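# Geometric and topological summary
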Amino acid sequence: MIPYGFIRWRRNHFTAPTEQFVRAHAERGNPVFRYELQWPSPRAGFGACHDSCLPLLFGTLDAAPALAGADEAARQMSDAVQQLWLEFVRGGVPWEHYDGVGGPTMLLGPETRIVRRHRAEQLAIWENRYPAYG
């Protein structure tokens, strides 16, 4: 069985239910690798918009240059995203498992890094406002 993992975070109101789901999944002993895409779109005002990860993941930057760009930096980000996903799909551990208590989140972007307690203050505001399903 392929472990469930790679939860992409969305900002604001999508973050809280995602956090509850991820936490419940991890607390049941399932491996979870949490990340947030922070790669900005070259299109003004888009930022790291919904689905901008798709051309990065599939290497189809030229098909959707407004989402993730198509320059050398975007190609390098695409290579990095693909390598992390391949590591996961092959059963590897691309970074430390999320442990359900403010565990590691991989921030994928111009400054790719792992952080802990990512968005903890925002999540505290929304805690228990959504039903938690696991």
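In this text the structure is predicted, and so the values were computed from the model without any measurement.

Time to look at helix α4 (residues 72-89). Under the 1.5 Å per step criterion, the end-to-end length of α4 is 26 Å for 18 residues, consistent within 8% with the ideal 26 Å. Along α4, the residues that are buried comprise A74, M77, S78, V81, L84 and F88. Buried residues along α4 cover an arc of 130 degrees about the axis, so they all sit on one side. Along α4, exposed side chains directed more than 90 degrees from the buried face belong to E72 and Q83.

We now examine the environment of V32. Residue placement: V32 occurs in the loop between α1 (15-27) and β2 (34-37). In sequence terms V32 and Y98 are 66 residues apart; their C-alpha atoms lie 5.4 Å from each other.

Let us now look at the pattern of salt bridges. Applying the stated criterion across every chain, the model contains 2 salt bridges. Here R75 and D62 are joined by a salt bridge, their closest N and O atoms 3.1 Å apart. Taken as a pair, R75 in helix α4 and D62 in the loop between α2 (53-58) and α3 (65-68) lie far apart in primary sequence, 13 residues in all. The class of R75 is partly exposed, set by a relative accessible area of 32%. A relative accessible area of 57% places D62 in the exposed class. The salt bridge partner of R116 is E96, with a shortest N-O separation of 2.5 Å.

This paragraph deals with α1. One full turn of an α-helix is made of 3.6 residues, so residues set three or four places apart face in the same direction. The terminal C-alpha atoms of α1 lie 18 Å apart, and with 13 residues this matches the ideal 18 Å at 1.5 Å per residue to within 8%. When α1 is considered as a whole, its buried residues turn out to be T15, A16, T18, E19, Q20, V22, A24, H25 and A26. Remark: G29 follows α1 within two positions and exhibits a positive phi of approximately 90 degrees.

What follows concerns empty space enclosed by the protein. Here the structure, examined in full by the defined rule, presents 1 cavity of 30 Å³ or more. Considered as a void within the structure, the largest cavity measures approximately 40 Å³ in volume. The set of elements that each furnish at least two residues to the lining of the largest cavity consists of β2, α2 and α4. Counting residues per element, the lining of the largest cavity draws most heavily on α2, which supplies 3 residues. In terms of residue class, the lining of the largest cavity is built from 8 nonpolar, no polar and no charged.

It is worth spelling out the pairing of strand β4 (residues 113-116) at this point. Pairing of strand β3 (residues 104-108) with β4, which is carried by 4 bridges, proceeds in the antiparallel orientation. Along β4, the bridge assignment pairs P104 with R116. Linking β3 to β4, which pair antiparallel, is a turn of 4 residues.

On average, the protein scores 82 in pLDDT, and the residues at 70 or more come to 82%. With pLDDT under 50 throughout, residues 1-10 is counted as low confidence; its partners more than four residues away or in other chains account for 45 contacts.

Geometry of an aromatic ring pair is reported as the spacing of the ring centres plus the angle between the planes. All told, the structure shown has 4 aromatic pairs when counted by the stated rule. The interplanar angle of 80 degrees and the centroid separation of 6.0 Å between the aromatic rings of F33 and W95 together place this pair among those described as edge-to-face. Of this pair, F33 sits in the loop between α1 and β2 while W95 sits in the loop between α4 and β3, and the two are 62 residues apart along the sequence. With respect to burial, F33 and W95 carry one shared label: buried. Ring geometry for Y35 versus W85: centroids 6.4 Å apart, planes at 85 degrees, classification edge-to-face. On the criterion of sequence distance, the pair formed by Y35 in strand β2 and W85 in helix α4 is long-range, its members being 50 residues apart.

About the criteria used
- Residues numbered from 1 in each chain as written.
- Predicted model: local features only at pLDDT ≥ 70, side-chain atom pairs only at ≥ 80, totals over all residues.
- Heavy atoms only, no water.
- Helix = DSSP H or I, 4+ residues; strand = E, 2+ residues; numbered from the N terminus.
- Expected span 1.5 Å × (residues − 1).
- Buried < 20%, exposed > 50% of the residue type's maximum accessible area, 1.4 Å probe, protein only.
- Arc of directions from axis to C-beta.
- Salt bridge = Lys/Arg side-chain N within 4 Å of Asp/Glu carboxyl O.
- 1 Å grid on protein atoms, 1.4 Å probe; cavity = no way out; pocket = protein on both sides within 12 Å on 5 of 7 lines; lining within 4 Å.
- Points joined across faces, edges and corners; volume = space filled by probe spheres on them.
- Nonpolar A, V, L, I, M, F, W, Y, C, P; charged D, E, K, R; others polar.
- Pairing = 2+ DSSP bridges.
- pLDDT = per-residue confidence, 0-100.
- Contact = heavy atoms within 4.5 Å.
- Phe/Tyr/Trp six-rings, centres within 6.5 Å; stacked < 30°, edge-to-face > 60°.

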